Amino acid sequence: MEDPTIGTFIAVFEEMFGGALFWGMVVLALLITAAYLYVLIRDRAVSWRKFLWAQLAMPIGAIAAVWFVLAITKSRLADIGGPIDLIIVLGIAALGAVGAAILVYTVQSLIKGKQTAE
Amino acid sequence: MTNQPDFDTRRRLLGLMAAGGAIAALPQGEPAAAQTTQTSARIVILGAGAAGTALANRLSNRLEGAEITIVDPRVRHLYQPGFTLIAAGLRPANYSVSTTAEWLPSGINWIEGSATSIDPEAQRVTTSTGDTLDYDYLVVATGLELHYEGIEGMSRDLIGQNGIGSVYAGPEEAEITWGLMDQFTDEGGAGLFTRPNTGMKCAGAPLKYTFLTDDYARRKGTRGQTEIIYCAHSGSLFGVPIVNEKVRMLYEDRGFETRYNRVMTAIDPSRKVATFSTENGGSEEIAFDFTNVIPPMRAPQVVRDSGLSWQTGASGEQGWIEVDQYTLRHARYDTVFAAGDVAGVPKGKTAASAKWQVPVVEDQLVAQIAGDTTDHIYNGYTSCPLITRVGRAMLIEFDYNNNLVPSFPGLIAPLEELWVSWLIKEIGLKATYNAMLRGRA
Ligand SMILES: Cc1cc2nc3c(=O)[nH]c(=O)nc-3n(C[C@H](O)[C@H](O)[C@H](O)COP(=O)(O)OP(=O)(O)OC[C@H]3O[C@@H](n4cnc5c(N)ncnc54)[C@H](O)[C@@H]3O)c2cc1C
């Protein structure tokens, strides 16, 4: 047996979501990340005002991510049965929160352009 | 000696994958051993199911010049662990269906017929297509036969009528069974669940389906007018004592009525009554509104007639092949191996076991061809994500010694009902199974 490869994870995730949905999500995530990096480089500073809005989006992102995973796995929150389950749910929520924050921050930056007034 | 990682690492890794812990680790890409062996050996594999297909892929990567022939009449490949999800209304019937052809490697010969005789003395197999195959090495991977007629009054075509379901029969029958279970849990009544007293594939499956039926009745609010009776073939619910105790506790918690030492011997569809043998030679009738019939199982006819089976005991009667439980090489014919459900070993009739057995057969066979030996052996690894309701399961893994061999010790508790274990069964298992078929896991 050898070490798992990237191909391994791709195969498993394709199986989970279906190929189209999985690759669609990958492309979307890459685009948002690229846009985020773009505005950071363009503005050469973090705008704290935009960051505040981004923070407000975090709980929504967290809830949406957990809801999504529960829906595709036909589960409910009541199925959480032990510490490891809780850790996984919190991990998913954290990912959703960070993702939402980056998304909101990027969208604001792209729409409003560079802002100087803090 | 073939190069082997130390046993413990291998066990952990394999366990991880076999359990469907594909999310954490699942090797892909190159097959296990990169070196190829030159040979002109004629290798015949009987059966292109989980074990046969995986082995064909691995051997064709491993051997150069070998003449590999696989024999199987079945055009459809069936992912059988999916039957439980189909019968729970969570997947359509086609979830389990693919084609045999798509998984087979190029460069081997597929005979689309069944083996009709095996002569291990002459090293020859004949097939329903009229072919005669002389072999140097034979691997029997025919799986097992569902012997519905072993229950008086029962046959496959009764499935779907009079409350008679059967998750095991196939993907379409599993879907029909879901229809019956759905209706039953709408209305309530007596649900009757059993298992045969023969060796059987996935001994956890009868338990899972009992739990799932209970879960649906609870969700629909009909559990109050529903009776769930489970007839155990022996004095316990599961062959591994520590697991049995846990299942017994859960059965009590769920309010199932467990009757021990009851084996279904007859069924009367029109009266909706099944007859069971009891411990002291007696019999008992139990009425049902819904039942999941799990028939006695045995080796296919061609195997039972071949002289390869155990010659005494229950394994002899049921026809399982007499192999060394560690090397999977036949006890009397050293050019014959068995892999998968048909192997006469004390544990291991699951796809997860096949995943562990196949690399052992591969290494043993390749070493033998090279005039060498290997200490790569099968330890009885068997795994069963035991669903206890929609959304929860227990990731049970054990070996010949009835020891639990968890893939994620300290992380995923084997005897706890967990969501993560459900995720593994629901979404990780099929990907892992498919990777196994390709010889990549
Ligand atoms: C309802 C259900 C639930 C299950 N759940 C799980 C689970 O959760 N986890 C798990 O690991 N396992 C599970 N299993 C068990 C798993 O599916 C089997 O253990 C596995 O498929 C065995 O592989 P095999 O290659 O031995 O047999 P099979 O996959 O059954 O393949 C045998 C092949 O041999 C062919 N064949 C038969 N007779 C002949 C002949 N005379 N000549 C040529 N070919 C022949 C057949 O056509 C077939 O294609 C479950 C099984 C069922 C039915």
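Draft legend 1. Structural detail: the overall build of chain A. Secondary structure summary: chain A contains four helices and zero strands in total. Ordering the α and β elements of chain A from the N terminus gives α-α-α-α. Counting only residues that meet the buried cut, chain A has 30% of its 118 residues in that class. Across chain A, contacts joining residues at least 24 apart in sequence account for 78% of those joining residues at least 6 apart.

Draft legend 2. Just the pairing of strand β9 (residues 124-127) of chain B, in detail. Residues and elements named next belong to chain B. Of the two faces of β9, the one lined by Val 125 and Thr 127 is fully buried and the one lined by Arg 124 and Thr 126 carries no buried residue. Bridge count between strand β8 (residues 115-119) and β9: four bridges; the pairing is antiparallel. In the sheet register, Asp 119 faces β9, and the bridge partner there is Arg 124. The turn joining β8 and β9, which pair antiparallel and follow one another in sequence, is formed by four residues; a positive phi near 55 degrees is taken by Gln 123. Two strands pair when backbone bridges link them, and β9 and strand β10 (residues 132-134) are joined in this way by three bridges, in the antiparallel orientation. The residue of β10 that forms the bridge with Thr 126 is Thr 132. What sits between the antiparallel neighbours β9 and β10 is a turn of four residues, in which Gly 130 has the positive phi angle 90 degrees.

Draft legend 3. The arrangement of the domain arrangement of chain B in detail. All names here are of chain B. Domain boundaries in chain B define domain 1 (33-144 + 299-381) and domain 2 (148-297). Once you take the C-alpha centre of each, domain 1 and domain 2 turn out to be 30 Å apart. If you look at the interface, domain 1 gives 21 residues, while domain 2 gives 21 residues. A combined buried area of about 1,600 Å² lies between domain 1 and domain 2, and 64% of that area is made up of carbon and sulfur atoms. When the buried area of domain 1 at its contact with domain 2 is split by residue, Phe 83, Thr 84 and Ala 87 rank highest and sum to 30% of it. At the boundary of domain 1 with domain 2, the tally comes to one salt bridge. The partner of Arg 76 in a salt bridge is Glu 172, and the shortest N-O contact between them spans 2.9 Å. Our enumeration of links across domain 1 and domain 2 arrives at seven residue pairs in polar contact (both at pLDDT 80 or more). Every element with two or more residues in the side of domain 1 that touches domain 2 is listed here: β5 (76-78) and α3 (82-86). Across the side of domain 1 that touches domain 2, the residue classes break down as 11 nonpolar, six polar and four charged.

Draft legend 4. Here's a closer look at the packing of aromatic side chains. Applying the stated criterion across every chain, the model contains 17 aromatic pairs over all chains. Judged by centre distance (5.0 Å) and plane angle (65 degrees), the rings of A:Phe22 and A:Trp23 are edge-to-face. Classification of A:Phe22 as buried rests on a relative accessible area of 10%. Ring centres 4.0 Å apart and planes at 15 degrees place the aromatic pair B:Trp356 and B:Tyr381 in the stacked group. Placement of B:Trp356 in helix α10 (residues 351-369) and of B:Tyr381 in the loop between α10 and β23 (382-389) is noted, with a sequence separation of 25 residues between them.

Draft legend 5. Examining a nonpolar patch on the surface more closely. On the surface, A:Val46, A:Trp48 and A:Phe51 cluster together into a nonpolar patch covering about 300 Å² of accessible area. Mapped onto the secondary structure, A:Trp48 falls in helix α3 (residues 48-72).

Draft legend 6. Spotlight on the pairing of strand β4 (residues 67-71) of chain B. All names here are of chain B. With four of five residues buried, β4 lies mostly within the body of the structure. Alignment of strand β2 (residues 42-46) against β4, held across five bridges, turns out to be parallel. The partner of Leu 46 across the bridge, within β4, is Val 71. Where β4 lies against strand β7 (residues 109-111), three bridges are found, and the strand directions are parallel. Note that in β7 the partner of Val 71 across the bridge is Ile 111.

Draft legend 7. A look at the site of the ligand. All names here are of chain B. Around the ligand there are 31 residues in total, and Ala 51, Asp 72, Gln 80, Ala 115 and Asp 341 lie nearest to it. In the model, a nitrogen atom of the ligand is placed 2.9 Å from a nitrogen or oxygen of the Ala 115 main chain. Here Lys 208 contributes a side-chain N or O atom positioned 2.9 Å from an oxygen atom of the ligand. For the ligand, the accessible surface in isolation is 990 Å², of which the surrounding protein chains cover 94%. Mapped by element, the contributors of at least two residues to the shell around the ligand are α2 (50-62), α3, α6 (205-220) and α10. Counted by class, the shell around the ligand contains 15 nonpolar, nine polar and seven charged residues.

Draft legend 8. Examining the side chain of B:Ser96 more closely. Residue and element names in this part refer to chain B. With respect to the secondary-structure elements, Ser 96 resides in the loop between α3 and β6 (97-99). Polar contacts involving the side chain of Ser 96 include one to the main-chain carbonyl oxygen of Tyr 79, which spans 2.7 Å. Contact partners of Ser 96, with chain neighbours within four places excluded, come to His 77, Leu 78, Tyr 79, Gly 82, Phe 83, Ile 86 and Pro 171.

Cut-offs applied
Residues numbered from 1 in each chain as written. Chains lettered and ligands numbered in written order. Predicted model: local features only at pLDDT ≥ 70, side-chain atom pairs only at ≥ 80, totals over all residues. Heavy atoms only, no water. Helix = DSSP H or I, 4+ residues; strand = E, 2+ residues; numbered from the N terminus. Buried < 20%, exposed > 50% of the residue type's maximum accessible area, 1.4 Å probe, protein only. Contact = heavy atoms within 4.5 Å. Pairing = 2+ DSSP bridges. Domains from an automatic or database assignment. Buried area = accessible area lost by both parts, 1.4 Å probe. Salt bridge = Lys/Arg side-chain N within 4 Å of Asp/Glu carboxyl O. Polar contact = N/O pair within 3.5 Å; in protein donor to acceptor, adjacent residues only side chain to side chain. Nonpolar A, V, L, I, M, F, W, Y, C, P; charged D, E, K, R; others polar. Phe/Tyr/Trp six-rings, centres within 6.5 Å; stacked < 30°, edge-to-face > 60°. Patch = residues over 30% accessible without salt bridge, like charges linked within 9 Å, V, L, I, M, F, W, Y side chains within 5 Å. Areas by Shrake-Rupley, 256 points an atom, 1.4 Å probe, with all protein chains shown as cover. Near = heavy atom within 4 Å.

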